Amino acid sequence: MVSGLLRPIIKKTGPLLMLLGLAAGGYWFNGYYREILTPDIALGERLYQQGVDGGGHALQGVTQNDIAFDDAQFNCAQCHRRSGFGSSEGGNYVLPVTGTILFKPRTFERADLFNKLFKESQGQVFRARMRSAYQRPAYSDESLARAIREGVDPSGRQLSPLMPRYRLNDTDMAALMAYLHQLSIRNDPGVDEQTVYLATVVGPNVGSADKTAMLATMREFVEWLNLETQGNLDHPNFSPGYRSDFAKAFRLWRHEVWELPADPRQWPTELASRYRRQPVFAFIGGMVNGDWTPIHDFCETNRVPCLFPFTDLPPAGNTNRYSMYFNQGLILEAKAMGRFLRAQKDPEPRTVVNIHSGEPRSSQPAKTLTQSLHGDKRYLVVDLTFESIEQLRDQWQKLARQQSAPIQAVIWPGTFDKAIAAELPLLARYAERLLLPSPALEANQTRFPADIAGKLYFSYPYELPTAYHPHAFRVRAWMNTRDLAIENQRLQFNTYYALNLLQFGLEHVVDHFSRDYLLEYIENEAENQLNPGTFPRLSLGPGQRFASKGAYIVQLVNNDQRQIHPVGDWIIP
Amino acid sequence: MNLSTKRLAGICLGLGFCLPARSGGIDQAWTLGAPEPAASASGPSSARKYQLGEAQYQAPDVGLIDADGGGVALRPFLAAEGPVLLQFVFVTCSTVCPLLSASLSSAQTELNALSGGKHRLISISIDPEQDTPEQLRDYAKRFKAGGNWHFLTGPPDDIKAVLQAFDANYSSGNKMYHKPLTFMRRSPDAVWRRIDGLLGKQDLIAEYRRTMGLSD
């Protein structure tokens, strides 16, 4: 009886119910097995960038035909770089392995090879190899796995012995394939068909002279570069030096100044909100009166290159992939001072009074100095902290009278760098030597008291004023011809250096607007781009983030703070 | 044109195209050889991918610094008895130096057996401002360096002098363009052998044997 009633219902709704049942089942099946069937891109990234497989082990394989390795540092990113666009080093060209390039037949884009063919100073063998490139069909997952394991490409050729042959299990290989399929297949944010967007971050309370000097230099540079770019865009058929090959890469620079609000706690939100409104491809230069760390962290989180901001306290110990700095600032100066003190021959014990306030620009280098003297039995380091100049005077007098050993005082003025000059006679009365960082030297336009000049030593992480750098003439001429007042030569020349690197970097990446690729170019070329004479040497390398690595210790000449002479060689701590 | 003239014209045209191609002009663009023969196997029988040379290099009289921070006067250091293998590397190098050092690293055991522990390996940093003794220590650990493998850094001008002395300068003064060089010398009064290129483990050992005058 029931079946009699049900049958017509089932007849009508049966097929529909079956379809619904299948759909629900499929949905459940998909969700449940998705984790197992979809390769893990995160694992692929770990393999590629860190050389660690799914079991947490280092990559294993063979390189150069017979050198077995078990070493996470033989990872893909080591040679193919994080961007996947490859490298050319030591006469070897490492091919790009981005998703677009691997999974299509090989193309021969002169624009991509231009630098390697015409601009890099490589040897004959390298050039011959560049010109003897051969065709290969697109990789598939299978043929790429074969290439990685056995070193044979889909045209049947052996890969160079430089390329390791890896031992990877199928899960790891699938993960790596998934990662490579999506590696650098899209431009990074901050660039569109006509424009590349750049910004400079400026904090509140930055000295207006410095701010103007930096921004005026940038304005001139961007204006002249855009004129040149627009000229190239307007005349696409005028192609000296293969210029038309690069037409797809031309972008006008849109450069904005991001002024930060008064309260540093609001900086992260301000940066985030401006970035949301208009993402930038990179930050260039920048300065704040205080801690640069919030901007550094923003760049790390959002993976935005932050090129050569002006800060004397780059964050130490934070992860740093995206920020490049001229040097390690006051930390470097503290290390150099420590080196200088350690190198003193006198075996007599001494007290080093480490004078600092609570602010980071004072306390952090002070801590570094203490660490750098650790273990040297001659030096007893005593901390003297102060919040005001009066407090400094009081504490100094108390402490100095207590010491029996000769005193060397190291003073980290922080925001007191102008006020500190007046206190030096008091400090000099009880100390045989006073060491100060370079901001104190530069902040004091008035002369230091003549009778204590012999006791004053400054750490100085810059090129000496008497040194000769041919490119300085070129940069000065560039500024003079544009009627750009040179109010702060070091600052402006450094701004020019940073802009120059950015310009050449953007030219080099052609139309592959990958931020990692830009950074890799800058790492490679920082050393032979024009050094405008602000530092003895500026150089980077894979993974390096501080372009200048040393400092002098200097004294005043004839008590004229514009004239300094070094008391030893360039110190590399 | 009559038919025979057309035929003659056709033959001339055909020869005009083919002859230059036969002489290797045009078809070179399309039949470029494979960089390596498809059947190449590892081992000494495969084509050598590095270049050899010999020269008398005079080390400059400079003071370098070893991985423990101690001073090393280079000239007397190199003038000590025994075979020496020398390379120029830098710690942050991505492509070439890890392979140069890996070739030495992998060959250490066999080299020790061949030399009775009397040989020395020397790696000199060409990025001395970055490669402090601490950096060199980490690098040495990575390549499992034995006690007779020395890592040197020093003042940038002195390092430049050493590069100059070994004819190992690189263009533009940019270390990224350095050459993958390995130098070997049997004894202080022998000539330096210069190997330009990357070596596998067997290649390195074979070249060492040749340097020492041992039979292959």
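Numbers given to residues run from 1 along each chain, matching the order in which its sequence is written. Lettering for chains starts from A, numbering for ligands starts from 1, and both go in the order in which the items are written. Since the coordinates come from a predicted model, pLDDT governs what is reported: local features require at least 70, and pairs of side-chain atoms require 80 or more to be given and counted, while whole-chain, interface and lining totals use all residues.

### What to know about the overall build of chain B
- In DSSP terms, a helix is any run of H or I states spanning at least four residues, a strand is any run of E spanning at least two, and both are numbered starting from the N terminus. Of the regular secondary structure elements, chain B holds 6 helices and 8 strands.
- From first element to last, N terminus to C terminus, chain B shows the α and β order α-β-β-β-α-β-α-β-α-β-α-β-β-α.
- The burial criterion counts other C-beta atoms lying within 10 Å of a residue's C-beta, which is placed from the backbone; the residue is buried at 20 or more, exposed at 12 or fewer, and partly exposed between these limits. Going through the 216 residues of chain B one by one, you find that 37% of them count as buried.

### Section: the overall build of chain A
- Along its length, chain A carries 19 helices and 17 strands.
- Across its three principal directions, the C-alpha atoms of chain A cover 110 × 75 × 50 Å.
- Out of the 573 residues belonging to chain A, those deemed buried represent 44%.
- For chain A, the proportion of contacts with a sequence separation of at least 24, taken over those separated by at least 6, is 66%. Contact criterion: two residues are in contact if their C-beta atoms, reconstructed from the backbone, are within 7 Å.

### Quick notes on the domain arrangement of chain A
- These domain limits were set by an automatic method or by a database of domain assignments. Taken domain by domain, chain A consists of domain 1 (42-182), domain 2 (195-327 + 468-542) and domain 3 (348-460 + 553-566).
- Relative placement of domain 1 of chain A and domain 3 of chain A: their C-alpha centres are 54 Å apart.

### Structural notes on the interface of chain B and chain A
- On the chain A side, the residues contacting the 41 residues of chain B number 39 residues.
- In terms of residue count, helix 3 (residues 96-115) of chain B provides more of the side of chain B that touches chain A than any other element does, 6 residues in total.
- When the residues that make up the side of chain B that touches chain A are grouped by side-chain class, the tally is 17 nonpolar, 16 polar and 8 charged. Amino acid classes used here: Ala, Val, Leu, Ile, Met, Phe, Trp, Tyr, Cys and Pro are nonpolar; Asp, Glu, Lys and Arg are charged; the rest, including Gly, are polar.

### Digging into the sheet that holds strand 5 (residues 165-167) of chain A
Residues and elements named next belong to chain A.
- Whether two strands pair depends on DSSP finding at least two bridges between them. The antiparallel open sheet is built from 3 strands, whose spatial order is 2-1-5. Of all strands in the sheet, those bounded by a partner on one side alone are strand 2 (67-70) and strand 5. Each adjacent strand pair in this sheet contributes to an overall mean axis angle of 20°, direction not counted. For every element, the axis is a line fit to its C-alpha atoms; helices are fit only across the contacting stretch, and the angle between N-to-C directions ranges from 0 to 180 degrees.

### Here's the deal with helix 13 (residues 360-372) of chain A
- For a helix, the expected span equals 1.5 Å multiplied by the number of residues minus one. Over its 13 residues, helix 13 of chain A runs 18 Å from end to end, which matches the ideal 18 Å to within 8%, given 1.5 Å per residue.
- Against the buried residues of helix 13 of chain A lie helix 12 (329-342), strand 11 (350-356) and strand 13 (407-412) of chain A.

### Comments concerning the pairing of strand 8 (residues 192-196) of chain B
All names here are of chain B.
- With 5 bridges connecting them, strand 1 (residues 51-55) and strand 8 associate as antiparallel partners. Each residue of the ladder has a partner; that of alanine 55, found in strand 8, is tryptophan 192.
- As defined by bridge partners, strand 7 (residues 181-185) adjoins strand 8 across 5 bridges and the pair is classed as antiparallel. Bridge pairing links leucine 181 to aspartate 196 in strand 8.

### Description of unusual backbone geometry
Residues and elements named next belong to chain B.
- Although it is not a glycine, lysine 144 sits at a positive phi angle of roughly 50°.
- Mapped onto the elements of the fold, lysine 144 is located in the loop between helix 4 (133-142) and strand 6 (149-153).
- The backbone of aspartate 167 sits at a positive phi, close to 50°, despite the residue not being glycine.
- Mapped onto the fold, aspartate 167 is located in the loop between helix 5 (156-165) and strand 7.

### Quick word on the sheet that holds strand 8 (residues 282-284) of chain A
Residue and element names in this part refer to chain A.
- Here 5 strands make up an open sheet; going across it, the order is 7-6-8-9-10 and the pairing parallel. Of all strands in the sheet, those bounded by a partner on one side alone are strand 7 (252-259) and strand 10 (323-324).
- Relative to strand 9 (residues 306-307), strand 8 runs parallel, the two sharing 2 bridges. Across the sheet, residue isoleucine 284 finds its bridge partner in strand 9, namely leucine 307.

### Concerning the pairing of strand 12 (residues 379-385) of chain A
Residues and elements named next belong to chain A.
- Sheet topology note: the strand 11/strand 12 ladder contains 7 bridges and is parallel. Looking at the pairing, histidine 356 lines up with threonine 385 of strand 12.
- Note on handedness: a clockwise path from strand one over the helix to strand two, with the strands aimed away from the viewer, defines a right-handed crossover. In this region the chain leaves strand 11, passes through helix 13 and returns to the parallel neighbour strand 12; the handedness of that crossover is right-handed.

### Considerations on the packing of helix 9 (residues 208-234) of chain A against helix 18 (residues 489-508) of chain A
Residues and elements named next belong to chain A.
- Viewed as axis vectors pointing N to C, helix 9 and helix 18 meet at an angle of 35°, and their least axial separation amounts to 9 Å. Judged by the twist between their axes, the crossing of helix 9 over helix 18 is right-handed. Mapping the contact onto sequence places Asp210, Ala213, Met214, Thr217, Met218, Phe221 and Leu225 in helix 9 and Leu491, Gln492, Thr495, Tyr496, Leu499 and Gln503 in helix 18.
- Looking at the contact of helix 9 with helix 18 residue by residue, the class counts come to 8 nonpolar, 4 polar and 1 charged. Crossing handedness: left-handed means the near helix sits turned counterclockwise from the far one by under a right angle, and right-handed means the same turn made clockwise.

### Some remarks on the packing of helix 18 of chain A against helix 19 (residues 515-525) of chain A
All names here are of chain A.
- One way to put it is that helix 18 packs onto helix 19 with a least axis distance of 9 Å and a crossing angle of 120°. Judged by the inter-axis angle, helix 18 sits oblique to helix 19. Seen along the crossing, helix 18 lies across helix 19 with a hand that is right-handed. Contact with helix 18, carried on its side by Leu501, Phe504, Gly505, Leu506 and His508, involves Leu518, Tyr521, Ile522 and Glu525 of helix 19 and no other residues of that element.
- Per-class residue counts for the contact of helix 18 with helix 19 are 6 nonpolar, 2 polar and 1 charged. In this scheme, roughly parallel covers angles under 35 degrees and roughly antiparallel covers those over 145, while 65 to 115 is roughly perpendicular and the rest are oblique.

### Re the confidence of the model for chain B
Residues and elements named next belong to chain B.
- This prediction gives chain B a mean pLDDT of 86; 82% of its residues lie at or above 70.
- The low-confidence segment residues 23-46, where pLDDT is below 50, has 23 contacts with residues more than four positions distant or belonging to other chains.
- Among the scores for the predicted complex, ipTM is 0.89 and pTM is 0.88. Looking at any residue, its pLDDT shows the predictor's confidence there, from 0 to 100.

### Some words on the nonpolar core
- Think of a nonpolar core as buried Ala, Val, Leu, Ile, Met, Phe, Trp, Tyr and Cys residues, each tied to the set through C-beta atoms within 7 Å. Counting residues in hydrophobic clusters, the biggest one holds 113 residues, and the most contacted among them are Ala282(A), Phe283(A), Leu307(A), Ile355(A), Ala409(A), Ile411(A) and Leu434(A).
- At 9 residues, helix 18 of chain A tops the list of elements feeding residues into this core.
- Two domains each provide a minimum of three residues to this core, namely domain 2 (195-327 + 468-542) and domain 3 (348-460 + 553-566) of chain A.
- Once you skip the residues sitting within four places of it in the chain, Ala409(A) turns out to touch Val353(A), Ile355(A), Leu427(A), Ala431(A) and Leu434(A).
- Membership of the second largest hydrophobic core comes to 70 residues, among which are Val96(B), Leu152(B), Ile195(B) and Ile205(B).

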